[in-house]
Amino acid sequence: MIPHLDRKLLRDLRRLAGQTAAVSLVMACGLAMLIMARSLIYSLDSTRAEYYQTHHFAEVFASLKRAPNNLSERIREIPGVATAQADLSVPVTLDLPGITEPASGLVRSLPDFGEPELNRLFLRRGRWLSPGSRGEVLVSESFAKANSLNPGDTLTALLNGRRQTFRISGIVLSPEYIFESRPGAALPDNRTFGIFWLPYKEVATAWDLYGAFNMVSLTLSPGTNERPVIAALDQLLIPYGGRGAFGRKDHPSHIRVSDEIRVLTILSIGFPAIFLGVAAFMTNAVLSRLLSLQREQIAILKAFGFTNRQIVVHYLKFAFVMVAGGVLFGLIAGVGLGLKMVGMYELFFRFPDLSFRLDPVAVTVALTVGLGVVTLGVIGAVRKAADLPPAEAMRPEPPANFRPAFIERLGLTRFLSHSFRIAVRNLERRPMQAFFTVAGLALATALLILPNTFKAGIREVLEFQWDVVQRQDVNLGLVEPSSARLAHELAQLPGVTSLEPTRTAAVRIFFQGRSRQIGLRSLLPGGQHSRAVDAAGHEIPPPDNGVILSAKLAQVLGARVGNTLTIEALEGRRPVQSVVLVATAEDFTGIAAYMDLHAINRFLGEGDVITGASIGLDMSRRAEFLAALKEIPRVSMVAIKESMRQSFRETTAKSMGLIQTIYLTFAVIVAFGVIYNNARISLAERARELATLRVIGMTQREVGAVLVVELVILACIALPIGLLLGTGLTTVVVGSINTETIRLPLVFTSYTYCFAIVIVAIASTLSALFVLRNLKQLDLIAALKAPE
């Protein structure tokens, strides 16, 4: 048999089903984001850890010019080194049928017999290379999918200037390339860049590297600090053209996955906290007003022997039902959205099996947080009602003190309708209720700002990065640094309208104990292609002496304009130089440092040398240009701006767009839920008062205007507060999720603010229509009866 209080609870839930559902829905939005984000973190982190362990992913990496294989024995003798694996990595240019632009990539070597000790491959399709075979190749899955390649297909490659045809043996994945992009690039372009694996002998023969290596990977003994190992390895490789060793945490692929986890961590805290804060306000409003209406019922319950504890538990059960609904719907929505996001991650993260894994801790946290939020929101009101003596509770709640509203005291009474004056008086008499309603509405409005700021930021990146900063059409990279005379030869290619030589160098930048290993890029004074641009959009001319850092890099290093930095070259004679930071440049992909082209060459002491070129192209002759480019073996990399822009749209922008859509949907739900809940509660608690107004002669329209005007006043107060709060919240969130690999600019548009205002206006209008419909159906006689 159902206990008496539980039967009362069921009756209350049926009567307040709308308000209960609204609170549960708002809570579900916050818990869904919490469960989705925490489970995605768990999925990515655990899948990555398992992949690293089962495929023996290295912990320290280094590249160099060339070293004899016997040097690997000395590397193994470095204290703390458990395993050392030496192999080869060389650039390759491909000629794929049906693709006009030349594709490029990296060829990695595999042992001629057996499998590698470290960085083992996962075979997705096909078979492994036959021992001692020639003319077979393994292809990365990202490149194979983008170009519809399958085992058994052939591809033509230029290995050190010699054209060779290979048959694809298998499609593979590597823990080194979970996120696969060109070296130094923050965005993938899987259609024109891939990773390939060949037997060591075949790679060494083609590049005259037999008996040598130019890549080394290490694992460390348990408990070993990687810093001394990296320092010792660096010192050992300097005579062999070492380009700087680094740990796993600085590996480009590892960084990209870690950045995504970092963004999810921030989003799993900030947004759910706001949604649950709104839910707490709503729960407090529902329970407080329910308790106010049930004063007499509480007195009767106490008169019949129910204890304060039983009454408190009874009303807490009401709140916990809303939590249960919120957790259930949040769990369902969180899992569904998580599955959608995992499908999105497969666009640019390559794991053997990335599946959505529900984090049991996240579900426990969601339930605990939900219970905690509603308990904090209602415990004070519940205990106050339970502590009320029965005799006092049997009396109706004392009416509020009457006095003219502030606006009436200003002498404006003759300009105001009766409905308006009644609405204003009610708000002044119940300031705390008005405060909580305004707070909920302001938070709901604030939530509407961030999603559209994401959208505007993505659009700004597409325009700024590839129209303002990078105005060239094509970037070329060379196999080896070459004389600047090569730029004149490239300028003669068909369709070239402008050409600017470029120079990049691997360097390590130091400032006050912090450092980053990056690419130092050249700028030309008066150049029209790649430019350094400040936050205001003004071009920064390259200084004769000094360096320009991307704003994010300066932030990471803690450097400011005017500070002196130390730059160490990681190639050639590895010179070290102190330079002044003259400016910071705005960019949104990766981090970089910029110097004048001639200043870089002076720093490196290599004369008039270039490593690539940026090209402006006559698009009517694009096909001719790309065809001619395929015949130049010294070109190792071709990056076409439109391809990079499209890659950004299909990966990063699409991922951020999905997150933006999810949050925008939830924000709209919250806005409607808050306003609807307030309208329902306002009508319920004032039914007797409104019925009295009807009886004394006010029309249906005049009575309805009281509620509508009250709703409009609250919305008008909440809107500017919400817009300001949303601006601050967005500034904090966008700044927090910006990483070294990809960033969003903070772009506030009139559309963003207008959208928030329109959504609140529509929600208010629909809620007002609902209130008017219910007011029209109000039973005046039942409403005027005093509760028994």
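Just above, that's the structure.
For every chain, the first residue of the written sequence is number 1, and numbering continues from 1 onward in sequence order. Whole-chain, interface and lining totals are the exception, using all residues; otherwise, since this is a predicted model, local features are given only for residues with pLDDT of at least 70 and side-chain atom pairs are given and counted only at 80 or more. Water and hydrogen atoms play no part in the side-chain values, which are based on all heavy atoms of the structure.

Details of the nonpolar core
Defined as follows: In this description, a nonpolar core means a group of buried Ala, Val, Leu, Ile, Met, Phe, Trp, Tyr and Cys residues linked to one another through side-chain atoms lying within 4.5 Å. Type-normalised accessible area, obtained with a 1.4 Å probe on protein chains alone, sets the label of each residue: buried when under 20%, exposed when over 50%, and partly exposed for intermediate values. Under the DSSP-based scheme used, a helix requires at least four consecutive residues in state H or I and a strand at least two consecutive residues in state E, with every element numbered from the N terminus. Should any heavy atoms of two residues lie within 4.5 Å, those residues are considered in contact.
Ranked by internal contacts, the top residues of the largest apolar core, which has 128 residues, are Phe271, Phe318, Tyr345, Phe349, Phe648 and Val670. In terms of residue count, helix 7 (residues 252-293) provides more of this core than any other element does, 18 residues in total. Once residues lying within four places of it in the same chain are set aside, the contact partners of Phe349 are Leu44, Ile178, Phe179, Arg256, Val257 and Glu260. Judged by nonpolar contacts, the second largest core, of 27 residues, contains Leu88, Ala103, Ile168 and Leu198.

A short note on the pattern of salt bridges
Worth spelling out the cut-off: Only one rule defines a salt bridge in this text: a Lys or Arg side-chain nitrogen within 4 Å of an Asp or Glu carboxyl oxygen.
This structure, assessed with the given rule, holds 20 salt bridges. One salt bridge connects Asp234 with Arg508, and the closest N-O pair in it is separated by 3.4 Å. Placement of Asp234 in helix 6 (residues 226-237) and of Arg508 in strand 14 (residues 504-511) is noted, with a sequence separation of 274 residues between them. With relative accessibility at 10%, the residue Asp234 sits in the buried group. One salt bridge in this structure joins Arg503 and Glu606, with 2.3 Å as the shortest N-O distance. One end of the pair, Arg503, is in the loop between strand 13 (496-502) and strand 14; the other, Glu606, is in the loop between helix 18 (597-604) and strand 20 (609-617), and 103 residues separate them in sequence.

Notes on unusual backbone geometry
The residue Gln512 is not glycine, and still its phi comes out positive at about 50 degrees. Residue classification places Gln512 among the exposed residues on the basis of a relative accessible area of 69%. The backbone of Arg574 shows a phi angle near 50 degrees, a positive value even though the residue is not glycine.

Observations regarding the sheet that holds strand 14
Just so we agree on the cut-off: Pairing between strands is defined by DSSP: at least two bridges between them are needed. Angles run from 0 to 180 degrees between N-to-C directions of axes, and those axes are lines fitted to C-alpha atoms, restricted for helices to the stretch in contact.
With respect to topology, six strands assemble into a closed barrel ordered 14-15-19-16-18-17, the strand pairing being mixed. Each neighbouring strand pair of the sheet contributes to a mean axis angle of 45 degrees, computed without reference to strand direction. Pairing of strand 17 (residues 564-569) with strand 18 (residues 576-585), which is carried by five bridges, proceeds in the antiparallel orientation. Across the sheet, the residue bridging to Leu565 is Val579, located in strand 18. Most of the contacts of helix 18 go to strand 19 (residues 593-596), to which it runs at about 95 degrees, and overall it touches strand 14, strand 15 (514-523), strand 17, strand 18 and strand 19.

Here we look at the pairing of strand 7 (residues 154-159)
Within strand 7, five of the six residues are buried, leaving the element largely enclosed by the surrounding structure. With six bridges connecting them, strand 7 and strand 8 (residues 162-173) associate as antiparallel partners. Residue pairing across strands places Ala157 opposite Gln164, the latter belonging to strand 8. Counting the residues that bridge the hairpin from strand 7 to strand 8 gives two residues, and of these Asn160 lies at a positive phi of roughly 55 degrees.

A closer look at the packing of aromatic side chains
Put simply, the rule is: In this scheme Phe, Tyr and Trp rings, the latter by its six-membered ring, pair at centre separations within 6.5 Å, and the angle between planes marks the pair as stacked below 30 degrees, edge-to-face above 60, and tilted otherwise. A positively charged side chain is recorded as over a ring if its NZ (Lys) or CZ (Arg) lies within 6 Å of the ring centre. The angle to the ring normal must also be within 35 degrees.
For the structure shown, the criterion picks out 13 aromatic pairs. Seen in terms of ring centroids, Tyr52 and Phe57 are 4.4 Å apart; in terms of plane orientation they differ by 35 degrees. Their pairing is tilted. This pair shows no difference in class: Tyr52 is buried, exactly as Phe57 is. An angle of 50 degrees between the planes, with centres 6.0 Å apart, marks the rings of Tyr200 and Tyr210 as tilted. Remark: Tyr210 occurs in the loop between helix 5 (200-206) and strand 10 (212-220) and Tyr200 occurs in helix 5; sequence separation between them is 10 residues. Among the residues examined, Tyr200 registers a relative accessible area of 13% and is labelled buried. In this structure an aromatic cluster arises from ring pairing among Tyr52, Phe57, Phe61 and Phe246. Above the face of the Phe179 ring, Arg256 is positioned so that its terminal group lies 5.0 Å from the ring centre.

Some words on the environment of Ile721
When you line up the elements, Ile721 lands in helix 23 (residues 700-737). Sequence-wise, Ile721 and Thr47 are 674 residues apart; in three dimensions their C-alpha atoms are separated by 43 Å.

Topic: the packing of helix 7 against helix 23
Going by this rule: Here roughly perpendicular refers to angles of 65 to 115 degrees, roughly parallel to angles under 35, roughly antiparallel to angles over 145, and oblique to all remaining angles. Left-handed describes a crossing whose near helix is turned anticlockwise from the far helix through less than a right angle; right-handed describes the clockwise counterpart.
Relative orientation of the contacting elements helix 7 and helix 23 amounts to 160 degrees, with a least axis distance of 9 Å. The orientation of helix 7 with respect to helix 23, classified from their angle, is roughly antiparallel. Between helix 7 and helix 23 lies a crossing of right-handed hand. Contact with helix 7, carried on its side by Arg262, Val263, Ile266, Leu267, Phe271 and Ile274, involves Leu729, Val733, Ser736 and Ile737 of helix 23 and no other residues of that element.

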